[in-house]
Amino acid sequence: MLISLALILSIVCFTLLIPQATPAPFLFPATQSTVLPEPSNFFTPNLITTPLPTNSFFQNFALKNGDQPEYFHPYTIRSASSSLSLSYPSLSYTSAFISQPFTPDLTISASQTSTFQDPNNNHHHVISDFNDLSVTLDFPSSHLRFFLVRGSPFVTCFVYTPTAVSISTNYTILSSSSSLSSDSNTKVTIKLENNQTWLIYTSSPIGLTDSTTSTLTFGEFSGIVRVAVLPDSDPKSEAILDQFSTCYPTSGAAVLGKPYTLGYKWENNGPGDLLMLAHPLHLQLLSHATVLKDFKYKSIDGDLVGIVGDSWVLQPKPVPITWHSVGGIKEKFYSEIISALRRDVEALNSAEITTTSSYFYGKLIARAARLALIAEEVACLDVIPSIKKFLIETIEPWLEGTFSGNGFLYDAKWGGLITKQGSTDSGADFGFGIYNDHHFHLGYFVYGVSVLAKIEPAWGAKYKPQAYSLVEDFINKGKLSNLLYPRLRSFDLYKLHSWAGGLTEFADGRNQESTSEAVNAYYSTAMMGKAYGDTQLEATGSMLAALEIQAAQMWWHVREGGNKIYEKDFTRENRMVGVVWSTKRDSGLWFAPSEAREIRLGIQMLPISPITEVLFSDVGFAREVVNWTLPALHREGEGVGEGWKGFVYCVQGMYDKEGALGKIRSLKGFDDGNSLTNLLWWIHSRKLSKV
């Protein structure tokens, strides 16, 4: 499909406004996918004119019927039948998984709906606004608007036309009472048979007109209704909720400011100070915050703790962004690495590549790029021309649209890259065409492009617009950067790690399996910044890599006896989580059972590069996870892949260099994104630390 004249003009006009150092927005050939859902079913008309999120915390609200729940910390929320249901979820766990199943505790609705007719006649709510930390849902037939702000202990509803409002529950209401002040009824306390106590606050007096054992109905009212469950963490919790009930957030944004600083800023209304909740990683990174350490809500992500204030500053630990190993390699080890390097380079042949998968092709490109950087580090420069030739032959067809069988296309419906195969088959390229795993696939391409731009600057300059289009598909900072793509497609600025699920509805919300491939995406982004002298791009990639690493170490790496987040049964049996979901933790993987511990470890480590040293910087944990994994290498009845063994030995090299080196030398095969050269480089660049 040809790009429209209007879009061409908008791109030209936008190009005139950006600095000369920034490449003009490049558009891969436009297409119309036959498998993507229709965003206009849920988003207001003014929103669908801009790129839309495809891996967001509220994605379920924009897919199919929009009635699968999403997690907002501390509540799981589901939209259905012109109403909103809340759950303060309890944990269910075994040694194999942990979950927060959705069981509705309260449902907020209008007692009577209007005759509003939905023009699409296929959904109940409308997404009228969204930001990094919030989404606004409108129910036109009920005259209700919900400001759903992540980390708020209250769910806030704006009744914008006088309406009778009902609060119902699947449990028996044991008691309800009005209080707060002697001259107004602006608070109702509800006690349920499941031992929960819910507090309802209103911006003006509200009268109870009807009640049953499962429903309370209030007379016509317009204004703000706020609902909160009373946590059992502290007897003073109710007084705290009373104190902060009048100031409510309507939206929340994250600010990517100076390097290694992430700010949160909430828009709020009403008198008083704002009360929000921080998860454990927030608490590690927060600077100068008023913390209510005894005010806590339980969560699958760890306790959520009260923070007072409408702005936060988070400061992650900086990570080294280097082309080569952090500590260097002693010259006496060069010869073994060079011997493997020459064999691996000699085997490079672009004509023999059979895969057309964007994922596996990207891995082959990045694998070759690693050889070029290792060659630089061990002073074997004569092999670089052969590597450069291979990289040019493999990368250019994807950038020029001449690759046979696949390629990148631009989807204007949601705003992003899809593949030719993915435009007609939602399962092709692991779902890339429905925005699954974008940061994984493109991270490999960006790494290869960055290395080629480094070793061949003239080539890099020629293809800079295409290079930036690849990276901005998943790391665009907003409309002022590139109007073709949404803001940070994969990275969740509240959870502080990425999601990979794309435009697929899941009852457990978003998910991500491979944290290391997410780290690689942002590390590769920083590498591209280095290659092009773009300090802003380098800083953004570096900070997101740092956050992804710290999130992986908190929620994927399970330390023996040191994990205070997960239940003991799960912690005892697992050193590594397979898949992290919004409301679930799985020991199994998408493509392997939980018994395949070497794969569970490997998928959280590949690809091996200098940033891997930071991801697995805890040498004590490295020993724990290897000891946990090694028995799985001797499973009966199935073969254990040599490639997966290689990743286990890499982690062993963090504390047992010689033992790991012997095992790596005996390997008979390698992961398709790895090589003997890369493994030897890793082992010989280890600087052993004390446990």
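Residues numbered from 1 in each chain as written. Predicted model: local features only at pLDDT ≥ 70, side-chain atom pairs only at ≥ 80, totals over all residues. Heavy atoms only, no water.

Caption draft 1: Quick peek at the state of the cysteines. Counted under the stated rule, the structure contains 0 disulfides. Cysteine Cys 157 remains unbridged, with the sulfur of Cys 247 as its closest cysteine sulfur at 17 Å. By relative accessible area, Cys 247 is classed as buried at 2%. (Disulfide = S-S within 2.5 Å. Buried < 20%, exposed > 50% of the residue type's maximum accessible area, 1.4 Å probe, protein only.)

Caption draft 2: Local environment of the pattern of salt bridges. In the structure shown here, the tally under the stated rule is 27 salt bridges. Among the ionic pairs, Asp 508 bridges to Lys 584, the shortest N-O distance being 3.1 Å. With Asp 508 in the loop between β26 (497-498) and β27 (511-512) and Lys 584 in strand β29 (residues 584-586), this pair connects stretches of sequence that are 76 residues apart. The exposure class assigned to Lys 584 is buried, which follows from its relative accessible area of 18%. In this structure, the salt-bridge partner of Arg 635 is Glu 598, at a minimum N-O distance of 2.8 Å. Residue Arg 635 is located in the loop between α15 (619-629) and α16 (642-652), and its partner Glu 598 is located in helix α13 (residues 597-603); the two are separated by 37 residues in the primary sequence. (Salt bridge = Lys/Arg side-chain N within 4 Å of Asp/Glu carboxyl O. Helix = DSSP H or I, 4+ residues; strand = E, 2+ residues; numbered from the N terminus.)

Caption draft 3: How the structure looks around the sheet that holds β27. Here 5 strands make up an open sheet; going across it, the order is β5-β6-β29-β28-β27 and the pairing antiparallel. This sheet does not close on itself; its edge strands, each paired only once, are β5 (92-93) and β27. Here 2 bridges tie strand β28 (residues 579-581) to β29, and the two strands are oriented antiparallel to one another. Residue pairing across strands places Val 580 opposite Arg 585, the latter belonging to β29. (Pairing = 2+ DSSP bridges.)

Caption draft 4: Broad picture of the environment of Asn 41. Checked against the element boundaries, Asn 41 lands in the loop between β1 (30-31) and β2 (70-71). On the basis of relative accessible area, Asn 41 is assigned to the buried category, the value being 19%. Counting along the chain gives 23 residues from Asn 41 to Lys 64, while the straight-line C-alpha distance between them is 8.9 Å.

Caption draft 5: Spotlight on the pairing of strand β24 (residues 416-419). On β24, burial covers both faces: Gly 416 and Ile 418 on one face and Leu 417 and Thr 419 on the other are all buried. Bridge count for strand β23 (residues 408-411) against β24 is 4 bridges, and the pairing is antiparallel. Its bridge partner being in β24, Phe 408 is matched across the sheet by Thr 419. The turn joining β23 and β24, which pair antiparallel and follow one another in sequence, is formed by 4 residues; a positive phi near 95 degrees is taken by Gly 415.

Caption draft 6: Region of the structure containing helix α10 (residues 515-532). Between the first and last C-alpha of α10 there are 26 Å, a value that for 18 residues agrees with the 26 Å anticipated at 1.5 Å per step. Summarising burial for α10: 16 of the 18 residues are buried, a large majority. Gly 533 occupies a position one or two residues after α10 and carries a positive phi of about 65 degrees. (Expected span 1.5 Å × (residues − 1).)

Caption draft 7: Looking closely at the pairing of strand β7 (residues 106-110). When you tally the buried positions in β7, you get 5 out of 5 residues, the bulk of the element. Taking every second residue as pointing to the same face, both faces of β7 are buried, with Leu 106, Ile 108 and Ala 110 on one and Thr 107 and Ser 109 on the other. As paired elements, strand β4 (residues 83-87) and β7 share 4 bridges and run antiparallel to each other. By the bridge assignment for β7, Leu 84 is matched with Ile 108. Bridge count between β7 and strand β11 (residues 155-168): 4 bridges; the pairing is antiparallel. Note that in β11 the partner of Thr 107 across the bridge is Ser 168.

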